[in-house]
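# Architecture and fold: a report
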Amino acid sequence: MNATWRGTRQPPAGREPDAPARFDQVLAHASADNRAALATYLPAGYPTQAQNLRILQRLAEVTDVIELGWPYSEPSLDGPVIQKAAAQSLAAGFRVHHLLESIHSLTASPASVLVMAYYPPLFKYGLDRAAHDLAQAGAAGVILPDLPIEEADDWLTAAQQRGLHTVFVVAPSTSDARLARISSAASGMLYAPAVAGVTGSTGPLHHALPAFVQRLRTATRLPIGVGIGVSTPAQAQAVSRIADVTIVGSALIRAIDAAQGTRRQGEAAADFARTLTTGLHRPDTPRAAA
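Not measured: the values here are computed from a predicted model. (Residues numbered from 1 in each chain as written. Predicted model: local features only at pLDDT ≥ 70, side-chain atom pairs only at ≥ 80, totals over all residues. Heavy atoms only, no water.)

### Regarding the pairing of strand β5 (residues 165-168)
What counts, and what does not: Remark: exposure states derive from per-residue accessible area (1.4 Å probe, protein chains only) relative to the maximum for the residue type, with buried under 20%, exposed over 50%, and partly exposed in between. For the purposes of this entry, the term helix denotes a DSSP run of H or I that reaches at least four residues, the term strand denotes a run of E that reaches at least two, and both are numbered from the N terminus. Here the rule is simple: two strands pair whenever DSSP picks up at least two bridges between them. Crossover handedness is defined here as right-handed if the route from the first strand over the helix to the second strand goes clockwise, with the strands pointing away from the viewer.
The two faces of β5 match: His165 and Val167 on one face and Thr166 and Phe168 on the other face are all buried. Pairing analysis gives 4 bridges linking strand β4 (residues 141-144) to β5, with the strands arranged parallel. Residue pairing in the sheet places Val142 in a bridge with Thr166 of β5. For the segment spanning β4, helix α7 (residues 153-162) and β5, crossover handedness is right-handed.

### Overview of the packing of helix α2 (residues 49-59) against helix α4 (residues 96-104)
Put simply, the test is: Lines are fitted to the C-alpha atoms to define the axes, a helix being fitted only along its stretch in contact, and any angle between axes, read from their N-to-C directions, falls within 0 to 180 degrees. Angular relationships are summarised with four words: roughly parallel below 35 degrees, roughly antiparallel beyond 145, roughly perpendicular across 65 to 115, and oblique for the angles in between. Less than a right angle of anticlockwise turn of the near helix away from the far helix marks a crossing as left-handed, whereas a clockwise turn marks it as right-handed. Should any heavy atoms of two residues lie within 4.5 Å, those residues are counted as being in contact. When residues are grouped by polarity, Ala, Val, Leu, Ile, Met, Phe, Trp, Tyr, Cys and Pro land in nonpolar, Asp, Glu, Lys and Arg in charged, and all others, Gly among them, in polar.
In contact at an axis separation of 10 Å, α2 and α4 are set at 20 degrees when each is read in the N-to-C sense. With respect to their mutual orientation, α2 and α4 come out roughly parallel. For the pair α2 and α4, the crossing hand works out as right-handed. Residues Gln49, Asn52, Leu53 and Leu56 of α2 form the contact with α4, whose participating residues are His98, Glu101 and Ser102. In terms of residue class, the contact of α2 with α4 is built from 2 nonpolar, 4 polar and 1 charged.

### Side note on the pattern of salt bridges
To keep it simple, the criterion reads: Counted as salt bridges are all cases of a side-chain nitrogen of Lys or Arg within 4 Å of a carboxyl oxygen of Asp or Glu.
Evaluation of the coordinates by the stated rule reveals 8 salt bridges. Asp64 is paired through a salt bridge with Arg35; the nearest N and O atoms lie 2.8 Å apart. With Asp64 in the loop between α2 and β2 (65-69) and Arg35 in the loop between α1 (19-32) and β1 (37-43), the pair connects residues that are 29 residues apart, well separated along the chain. Given a relative accessible area of 17%, Arg35 falls into the buried group. Among the salt bridges present, the one from Arg274 reaches Asp271, with a minimum N-O distance of 3.0 Å. Here Asp271 and Arg274 lie together in helix α12 (residues 262-277), a separation of 3 residues that amounts to about one turn. Residue Asp271 is classed as partly exposed on the basis of its relative accessible area, which comes to 43%.

Without other data, these values stay purely geometric and don't point to any function.
What follows is the structure in structure tokens.
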């Protein structure tokens, strides 16, 4: 366990659950508060490891879930904003122990941590070793955007042995039979893209997103997270009305990039996340007291 959390938003009182159970608890608390949980994405080691740790501490004061990216030089799902941030992390000397350090730095915070990882670096590191080290550091699970369910058995075995959630990104074109297989293997949540294509879109959300989320709900009892293309508070609010988790990445990185100085970057991250949270309470019942 890390040192006592000193932020303004405190972790739940009582016995600390294990990381995957804590993730489930964070989402359940958000649902009980009649709102979507907020998840924010940041590559580990970005802009540098020291700056990353400071930004994460401020971000954890506001956000429910932090998705920490495992920087990779050949991402298939990332647009230019996240590609640039990951490249900056790699150029600054990123190593896997920096990812583990960043995860561990949040274990006493109110936020739960998922790792967003492409399969090649995970495989190169070693599936059993990765599952062990990520669990030991305090990660709740791993999002694998490029791992087909047909090739996932080895990772699923390693993750299940360590109690990690495995979150799959599900394309709208997925067949019913394949969706059923993904739903039975996944844990934690399913991840639905809000737009077609790569991350970083600043255009409108896909018109068929509500219908797609409803289709996912018929296939699973897992929470549904929506990201990839959620870039404004208004879009975050729209997503919160249909999903359990609203996920924002590129827009957060733009806000950090626009800030000058290490301290201002942390403040910019927290301020941007705060603008998103104001719209996440659903309008059908009164907003809970702060």
